[in-house]
Structures are given as structure tokens and as C-alpha cells.
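Analysis of the macromolecular model
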Amino acid sequence: MKKFHTAIIFLIGFVFSSLFQVSVASVVSTGDFNKDFFVVWSPTHVNTSADGRTRSLKLDQESGAGFASNQMFLFGQIDMQIKLVPGDSAGTVLAYYLTSDQPNRDEIDFEFLGNVSGQPYILQTNIFADGTDNREERIYLWFDPTKDFHTYSVLWNMHQIVLMVDMIPVRVYRNHAEKGVEFPRWQPMSLKVTLWNGDSWATRGGQDKIDWTKGPFIASFRNYKIDGCVWKGNPRFCRAASPANWWNQYNSSTLTSAQRRWFKWVRKYHMIYDYCQDNERFQNNLPKECSLPKY
């Protein structure tokens, strides 16, 4: 009997150890920007700490800058702490997004639209699926994102895409592919971060231009985590409902009751534009997903 108990204890320990190893294995980032990302353009405008743990991008009249992940992913969760451009940032755009970079690309966007000093920051989100976008939503952030770092996250799985700010869901795009709505589910995507001049449209529809005397404009990044399925050429490994692919499990298939309350709070008090409410733009023919449930 003693040997039996010992065997059971050993088996339980082995199972827990295996589960722990699987969960750790799904985290594919190192926390070092130099190891997980490459500079897309203007390396003179990218500043990385000696230990690789923090990075900043600079925008001035000469150039913006950007970096992208070395790997591509199909499903998972990505988190990054960001401190946005402070002061009068009108006309600047910081984009933090996943993209497949194909002609019929899939893309999941956070776009932070610069503001005139004293005005709230606007977060615009958008979803591209099979080359189709026009799914913009805008909210005012309920805090000053230039004073400190805040965590911006994307959960992407077979069931839904959830964009979160400090783990509060601000955007949900559900998989209704069986009802004819495009959903990003086949194309792997890389993570990109860019800071650039968008003053033709970004602030009050382009009315407020960049005041270069207020520059340079700097955004900072730290404490990122990429917990996802690295693309190896076959989607079935990333789509499988295995323990390693925790994001495809039931617990991540829809918002929890607490998340739903937060999501409703954001939409009630902070949303300023929803494409699903823009009948004029779509000539009273709103996209199909607008009439379908989000969770």
C-alpha cells in the first residue's frame, strides 16, 4: 500500500510538473527586445536599454521608427506595457498591432491617436480579415496614458479576438465565420510597433497638425510577453485544442461575467465611435457582424 501511495504521489507530481512545463513553454518571448524583435526602419530613432528590457521610439521631422517580432504567430495572447507620447502629441500615431502582411491581410490594431495638451487620448481599434477592414471603434482612455506605463493586450483564438487595456476588455470581435463573417484564423501574424506622422487624419480629422517645436515625440515600451503558437508552416498545430494551446480552451472562448461588466462599462462611458452604429457610412447596410452577439 505504501508503494501504491508513493506511486500515486509521484504520478500527481509528474502531471503537475508536465502541465507547468507546457504553460511555460507557450511563453515564446524572452523579455529582451534585442532578441525577440528587429528594427523595421530608422534605427537611429530606436533606443534600447543595455539589458534589452526597455525600448523607446522617437518621431521628429526627419523620421518615425518601428520594430517587429522575429517570429510569426497563429493565436495566443500578447501583452506589452506602453507609455504614450506626452504633451502636445497632436498628429502623431503610435500603432501596436498584429499583421500578416499579405495582400488579403489579417490585422488586429491598436492605434493611439495623439492629442492637443489637455485633451483625452483616443484609442482606435480595427480588425482586418481576409483583406477587409472598415471596422474601426474609438474610445477615450479613462486615464492619462503618458504619465505611466499601462498594459495593452490582444487575446486571439479560434473563438474570439479580445483587445484589453490593463486587462479590461475594450473590444471584442467574435468568430462568426460559419455565418459568413470573415475572421482571422488561417494567416500567421507578426507583432509590429510603429510611431509615425499621421497628421493628415489622426487628430480631429487632420485639423490639428504636428507642432514640431514640441518634439521630439517619444513613446516607451517594457515588460512585454508573447504567449502564443509560433508559426511552423502548418495551422493545425496552432488550432488544436491541446493543453499547450491554452488560449483555445473553453475558459478563453468567451468573456467571463466580470469581463462583460467591464466591457459594458467601457462602451457606455468611453466609446466615441462604433462602426456598427454608422448607418450613414454604410448606407443603412451595416456589416453582418453588427447584428450578431459579441459573446
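Now for a quick tour of the structure. Just so it is clear, the structure is predicted and the values come from calculations on it, not from any experiment. (Residues numbered from 1 in each chain as written. Predicted model: local features only at pLDDT ≥ 70, side-chain atom pairs only at ≥ 80, totals over all residues. Heavy atoms only, no water.)

1. Concerning the overall build of the protein
What counts is decided by this rule: In DSSP terms, a helix is any run of H or I states spanning at least four residues, a strand is any run of E spanning at least two, and both are numbered starting from the N terminus. Both definitions apply: the radius of gyration is a C-alpha atom measure, and the globule rule equals 2.2 Å times residues to the power 0.38. Throughout, a contact is declared for two residues whenever any of their heavy atoms are within 4.5 Å. All accessible areas in this document rest on Shrake-Rupley with a 1.4 Å probe, and a residue is counted as covered only by the protein chains that are shown. Lys and Arg are tallied as positive, Asp and Glu as negative. Neither His nor the chain termini are counted. All charge positions are set by atom: Lys at NZ, Arg at CZ, Asp at CG, Glu at CD.
Secondary structure summary: the protein contains four helices and 15 strands in total. Taken against the 2.2 N^0.38 rule, which gives 19 Å for 295 residues, the C-alpha radius of gyration of the protein at 21 Å falls within 12% of a compact globule. Reported as C-alpha extents along the three principal axes, the dimensions of the protein are approximately 80 × 55 × 35 Å. The contacts in the protein between residues at least 6 apart in sequence include a share of 66% that link residues at least 24 apart. Accessible area for the protein stands at about 14,700 Å²; split by element, carbon and sulfur atoms hold 54% of it. Averaging the positions of the 32 positive and the 29 negative side-chain charges in the protein gives two centres separated by 9 Å.

2. A closer look at the nonpolar core
Rules: By nonpolar core is meant a set of buried Ala, Val, Leu, Ile, Met, Phe, Trp, Tyr and Cys residues that side-chain atoms within 4.5 Å join together. The classification of residues rests on relative accessible area computed with a 1.4 Å probe and restricted to protein chains. Under 20% of the type maximum is buried, over 50% is exposed, and intermediate values are partly exposed.
Counting residues in hydrophobic clusters, the biggest one holds 64 residues, and the most contacted among them are Met80, Tyr96, Phe112, Leu141, Trp156 and Phe221. By residue number, the principal contributor to this core is strand 14 (residues 217-230), which donates seven residues. The residues touching Leu141, leaving out its near neighbours within four places in the chain, are Leu84, Phe112, Tyr121, Leu123, Tyr152 and Val165.

3. So, the sheet that holds strand 6 (residues 92-99)
How we decide: At least two DSSP bridges between two strands are required for those strands to pair. Axes here mean lines fitted to C-alpha atoms, for a helix over just the part in contact, with angles spanning 0 to 180 degrees between N-to-C directions.
Strand order across the open sheet formed by eight strands is 1-4-13-6-7-8-9-15, with antiparallel pairing between neighbours. Every interior strand has two partners, whereas the edge strands, strand 1 (37-41) and strand 15 (271-274), have only one. Direction aside, neighbouring strands of the sheet carry axes that sit 15° apart on average. In this sheet, strand 8 (residues 122-128) lies alongside strand 7 (residues 107-113) in antiparallel orientation, the contact comprising seven bridges. Paired with Phe112 across the strands is Leu123, a residue of strand 8. Packed on one face of the sheet, helix 4 (residues 257-269) meets strand 9 (137-140) and strand 15 and runs near 90° to strand 15.

4. Some words on the sheet that holds strand 12 (residues 168-174)
Strand order in the open sheet formed by seven strands is 2-3-14-5-10-11-12, and the pairing between neighbours is antiparallel. Edge positions in the open sheet fall to strand 2 (46-48) and strand 12, since each of these has one partner strand only. Between one strand axis and the next, the sheet turns by 20° as a mean value, whatever way the strands run. Across six bridges, the pairing between strand 3 (residues 54-59) and strand 14 is antiparallel. Within strand 14, the residue paired with Thr54 across the bridge is Arg222.

5. Describing the packing of aromatic side chains
Which entries qualify depends on this criterion: When the centres of two rings from Phe, Tyr and Trp lie within 6.5 Å, Trp using its six-membered ring, the rings pair. Their planes under 30 degrees apart give stacked, over 60 give edge-to-face, and anything left gives tilted. We call a charge positioned over a ring when the NZ of a Lys or the CZ of an Arg lies within 6 Å of the ring centre and within 35 degrees of the ring normal.
The tally for this structure, following the rule as stated, stands at 20 aromatic pairs. Ring geometry for Trp262 versus Trp265: centroids 5.4 Å apart, planes at 85°, classification edge-to-face. With Trp262 and Trp265 both in helix 4 and three residues apart, the pair spans about one turn of that helix. Here Trp262 falls in the partly exposed class, since its relative accessible area comes to 42%. Among the residues examined, Trp265 registers a relative accessible area of 27% and is labelled partly exposed. Every member of this aromatic cluster is reached through a ring pair, and the members are Phe33, Phe37, Phe67, Phe221 and Tyr224. Looking at Arg55, its charged tip hangs above the ring of Phe67, at a distance of 5.0 Å from the centre. Across the ring face of Trp186, the terminal group of Arg239 is positioned such that the distance to the ring centre comes to 3.8 Å.

6. Let's talk about the state of the cysteines
Here, disulfide denotes a covalent bond that connects the sulfur atoms of two cysteines. What counts, and what does not: Cysteine sulfur pairs qualify as disulfides if the two atoms are within 2.5 Å.
The full count for this structure, using the stated rule, is two disulfides. Disulfide pairing places Cys229 opposite Cys238 at an S-S distance of 2.1 Å. One quick way to see it: the torsion about the S-S bond of Cys229 and Cys238 is about -75°, and its sign makes the bridge left-handed. Of the two residues, Cys229 and Cys238, neither departs from the other in class, the shared state being buried. Across a sulfur-sulfur distance of 2.0 Å, Cys276 and Cys290 are joined as a disulfide pair. Handedness here is read from the sign of the S-S torsion; for Cys276 and Cys290, about -80°, the answer is left-handed. One end of the pair, Cys276, is in the segment after strand 15; the other, Cys290, is in the segment after strand 15, with 14 residues separating them in the sequence. On the accessibility criterion, Cys276 (10% relative accessible area) is buried.

In short, the description is geometric, and any link to function would need to be established separately.
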